Amino acid sequence: MTDGPEPGAADGPLWAGRLEGGLDPVVLRFSSSLAVDRRLLPYDVRASQAHVRMLGRQGVIPTDDADAIVAALGEIAREPVDGDATDEDVHSLIERRLVARLGDVGRRVHAGRSRNDQVATAFRLWAKDAAGSLLVSLRRLQAALVACAREDGELLLPGFTHLQRAQPIPLGHHLLAHAWALERDAVRLAAARDAADVSPLGAGALAGSSLPLDPEGVAADLDLGSSFRNSVDAVADRDFACDLAYACAMTFVHLSRLGEELVLWTSSEFGWATLDDRVATGSSMMPQKKNPDVAELVRGRAGTAIGRLTGLLALLKGLPLAYNRDLQEDKEAVFAQVDALDGALATMTLAVGGLRFDGVRMLAAAEDGLTVATDVAEALVRAGVPFREAHAQVAGRIARGERFSSPSAAEAVAARRGRGMPGRWRDQLADLEALVGSGAREPT
Ligand code: ARG
């Protein structure tokens, strides 16, 4: 059913015609993005179907042809991508397969479109989905922290500053501090999803098209919130990719801080918590070892995640408007960012869900006779002593070797009862449960 030359590696790239001969295989290997962007195939198919339906509605192509192209694209979406396909990118592969199926009818698909608006659209559709599914994974981790707090939250531990014992707090208060940090990440991920929610289709290579396109109709068909306002910006803009990469990097920073505490708390020196065997690892040589490798990997991958964000910003900073091929490099970083975070969220959810605490050791650390020093000084303030004087008095007693058994850690916590304070941590539990729900809620 094919007539005329086909695009694709065998018969030349989509842009064959102007340039003589084929691309040198070395250059094709160097420049092809197929190995990375093949993952956009279902999104590019959806965008191409919306584009073609619009071309049919607008009378740019016969509606029968539009219907045939939409159907063939649906079949292409279900076909695997050959590992050895040598197309320049996923967009070329799809058009090659379309033309192989439909011949001249398939050659109508690209009217009024460029790969520049095409790739931006597919990438945005993917990013919107990715942010949505990361939100679900993030909610699960929050739910695990909230459940852990509900179960063991009354245990007391010394909170730290400078990693020196500071003041007693309930475990629930501490765990929910991590959950609140993740709540801000949820808001960032939702914002990244909204940033992606714009359709660039219709911007063409950079300046739109003389054909009677309907970009708003295409945006609506793709369930994207709006259509672009400026065609040059539409094909040059990768802010949505940076927003997503940043939301992921920030989440990774929070996971890394949580991971660092898992490393500390499960050490023999602290002995406050043990990991479930399902998430712990052993040593090939030392039979006694039970290691928190997963928390260390999260900590390590956070560094890589920061690097990917930095790389993406550096990729963009010198680019003149509008599209430049440099932009092809954006996807590998963002795909890896999202994959790494999704794995880290799922693993940390398991790790938190399986934690067992040693409340006796935690309490012993919380009641070392020093963590209530501030409370002792504040008792003097209540009796009328100026705080600076009370501070000096208590410091002097400590220097002379005195230790305090009153108030107890529990009394000290109970006395700090303001909003957001350790003595009221259960109020936060209810607030977070309302936000997180069963683990699948949208940020409000
Ligand atoms: N593979 C390319 C990318 O990801 C698609 C756009 C190519 N456009 C072009 N003008 N060469 O950016």
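Small disclaimer: the values here were computed from a predicted structure and weren't measured.

Okay, the overall build of the protein next. Along the backbone of the protein there are 17 helices and six strands. Since a compact globule built from 444 residues should have a radius of gyration of about 22 Å, the 29 Å found for the protein marks it as more spread out than a globular shape. Seen through its principal axes, the protein has C-alpha atoms that stretch 95 × 50 × 40 Å. Sorting the 444 residues of the protein into buried and exposed places 49% on the buried side. The contacts in the protein between residues at least 6 apart in sequence include a share of 79% that link residues at least 24 apart.

Along the chain, the position of Asp89 falls in the loop between helix 4 (63-78) and helix 5 (90-102). On the basis of relative accessibility, which here comes to 5%, the residue Asp89 falls in the buried class. Spatially, the C-alpha atom of Asp89 lies 10.0 Å from that of Leu41, the residues being 48 residues apart in sequence. At a separation of 2.7 Å, a polar atom in the side chain of Asp89 contacts the side chain of Arg115.

Now for the packing of helix 11 (residues 293-317) against helix 12 (residues 330-353). Running from N to C, helix 11 and helix 12 point in directions that differ by 155 degrees, and their axes come no closer than 10 Å. Judged by the inter-axis angle, helix 11 sits roughly antiparallel to helix 12. The crossing of helix 11 and helix 12 is left-handed. For the pair helix 11 and helix 12, contact is made by Val294, Val298, Ala305, Arg308, Leu309, Leu312 and Leu315 and by Asp330, Ala333, Val334, Ala336, Gln337, Ala340, Ala344, Thr347 and Met348, respectively.

We now examine the site of the ligand. Around the ligand, the neighbouring residues are Ser33, Asp37, Asp89, His91, Arg115, Asn116, Val119, Tyr323, Gln328 and Lys331. Between the ligand and Gln328, the relevant distance is 2.8 Å, taken from a nitrogen atom to a side-chain nitrogen or oxygen of the residue. One of the side-chain nitrogen or oxygen atoms of Lys331 is found 2.7 Å away from an oxygen atom of the ligand. Considering every element that reaches the shell around the ligand, the biggest residue donor is helix 6 (residues 115-152), with three residues. Residues of the shell around the ligand, tallied by class, amount to two nonpolar, four polar and four charged.

Going through the model one piece at a time under the given rule, you end up with 27 salt bridges. Between Asp82 and Arg97 there is a salt bridge, with the nearest N and O atoms lying 3.9 Å from each other. Placement of Asp82 in the loop between helix 4 and helix 5 and of Arg97 in helix 5 is noted, with a sequence separation of 15 residues between them. Overall, Asp82 belongs to the partly exposed group, its relative accessible area being 40%.

Turning our eyes to something else, we now look at unusual backbone geometry. Along the chain, Leu321 connects to Ala322 via a cis peptide bond; the corresponding omega equals 5 degrees. Mapped onto the elements of the fold, Ala322 is located in the loop between helix 11 and helix 12. Cis geometry marks the peptide bond from Ser406 to Pro407, where omega comes out at 0 degrees. Considering the arrangement of structural elements, one finds Pro407 in the loop between helix 15 (387-399) and helix 16 (409-415). Non-glycine residue His162 carries a positive phi angle of around 55 degrees. Within the secondary structure layout, His162 lies in the loop between strand 1 (156-161) and strand 2 (164-170). Residues other than glycine seldom take positive phi values, yet Asp223 does so here, at roughly 60 degrees. On the secondary structure map, Asp223 appears in the loop between helix 8 (215-221) and strand 4 (226-227).

Moving on to helix 4. Residues spaced three or four apart along an α-helix point in a common direction, a consequence of the helix completing one turn every 3.6 residues. Between its first and last C-alpha, helix 4 extends 23 Å over 16 residues, near the 22 Å set by a 1.5 Å rise per residue. Looking at the buried positions of helix 4, the neighbouring elements they touch are helix 3 (41-57) and helix 5.

Ile69, Trp126 and Leu244 are the most contacted members of the largest nonpolar core, which has 108 residues in total. Among the elements that line this core, the one with the most residues is helix 6, at 16 residues. Look past the residues within four positions of Ile69 in its chain and what remains in contact with it is Val52, Ile61, Leu98, Leu102, Val105, Arg108 and Val109. Counting residues in hydrophobic clusters, the runner-up holds ten residues, among them Val376, Ala377, Leu380 and Val385.

Okay, the pairing of strand 1 next. Two strands pair when backbone bridges link them, and strand 1 and strand 2 are joined in this way by six bridges, in the antiparallel orientation. If you follow Pro158 over to strand 2, its bridge partner there is Pro168. Hairpin geometry of strand 1 and strand 2 is characterised by an intervening segment of two residues between the two adjacent antiparallel strands and by a positive phi of about 55 degrees at His162.

So, on to the packing of aromatic side chains. Evaluation of the coordinates by the stated rule reveals eight aromatic pairs. Ring geometry for Phe123 against Phe240: centres 5.4 Å apart, planes inclined by 70 degrees, an arrangement best described as edge-to-face. Of this pair, Phe123 sits in helix 6 while Phe240 sits in helix 10 (residues 239-265), and the two are 117 residues apart along the sequence. For Phe123, a relative accessible area of 1% translates into the label buried. Under the relative-accessibility criterion, Phe240 is labelled buried at 1%. With 6.1 Å between their ring centres and 90 degrees between their planes, Phe123 and Phe335 make a pair best called edge-to-face. Here Phe123 is found in helix 6, whereas its partner Phe335 is found in helix 12, with 212 residues between them in sequence. In this pair, the class of Phe123 matches that of Phe335, namely buried. Through a chain of ring-to-ring contacts, three or more aromatic side chains come together here, namely Phe123, Trp126, Phe240 and Phe335.

Scored by pLDDT, the protein comes out at a mean of 95, with 96% of its residues at no less than 70. A low-confidence stretch, residues 1-10 stays under pLDDT 50, and its non-local contacts, those more than four residues away or across chains, total 28 contacts.

The rules behind these values
Residues numbered from 1 in each chain as written. Predicted model: local features only at pLDDT ≥ 70, side-chain atom pairs only at ≥ 80, totals over all residues. Heavy atoms only, no water. Helix = DSSP H or I, 4+ residues; strand = E, 2+ residues; numbered from the N terminus. Rg over C-alpha atoms; globule rule 2.2 N^0.38 Å. Buried < 20%, exposed > 50% of the residue type's maximum accessible area, 1.4 Å probe, protein only. Contact = heavy atoms within 4.5 Å. Polar contact = N/O pair within 3.5 Å; in protein donor to acceptor, adjacent residues only side chain to side chain. Axes fitted to C-alpha atoms, helices over the stretch in contact; angles between N-to-C directions. Parallel < 35°, antiparallel > 145°, perpendicular 65-115°, else oblique. Left-handed = near helix turned anticlockwise from the far one by under 90°. Near = heavy atom within 4 Å. Nonpolar A, V, L, I, M, F, W, Y, C, P; charged D, E, K, R; others polar. Salt bridge = Lys/Arg side-chain N within 4 Å of Asp/Glu carboxyl O. Expected span 1.5 Å × (residues − 1). Core = buried A, V, L, I, M, F, W, Y, C linked by side-chain atoms within 4.5 Å. Pairing = 2+ DSSP bridges. Phe/Tyr/Trp six-rings, centres within 6.5 Å; stacked < 30°, edge-to-face > 60°. pLDDT = per-residue confidence, 0-100.

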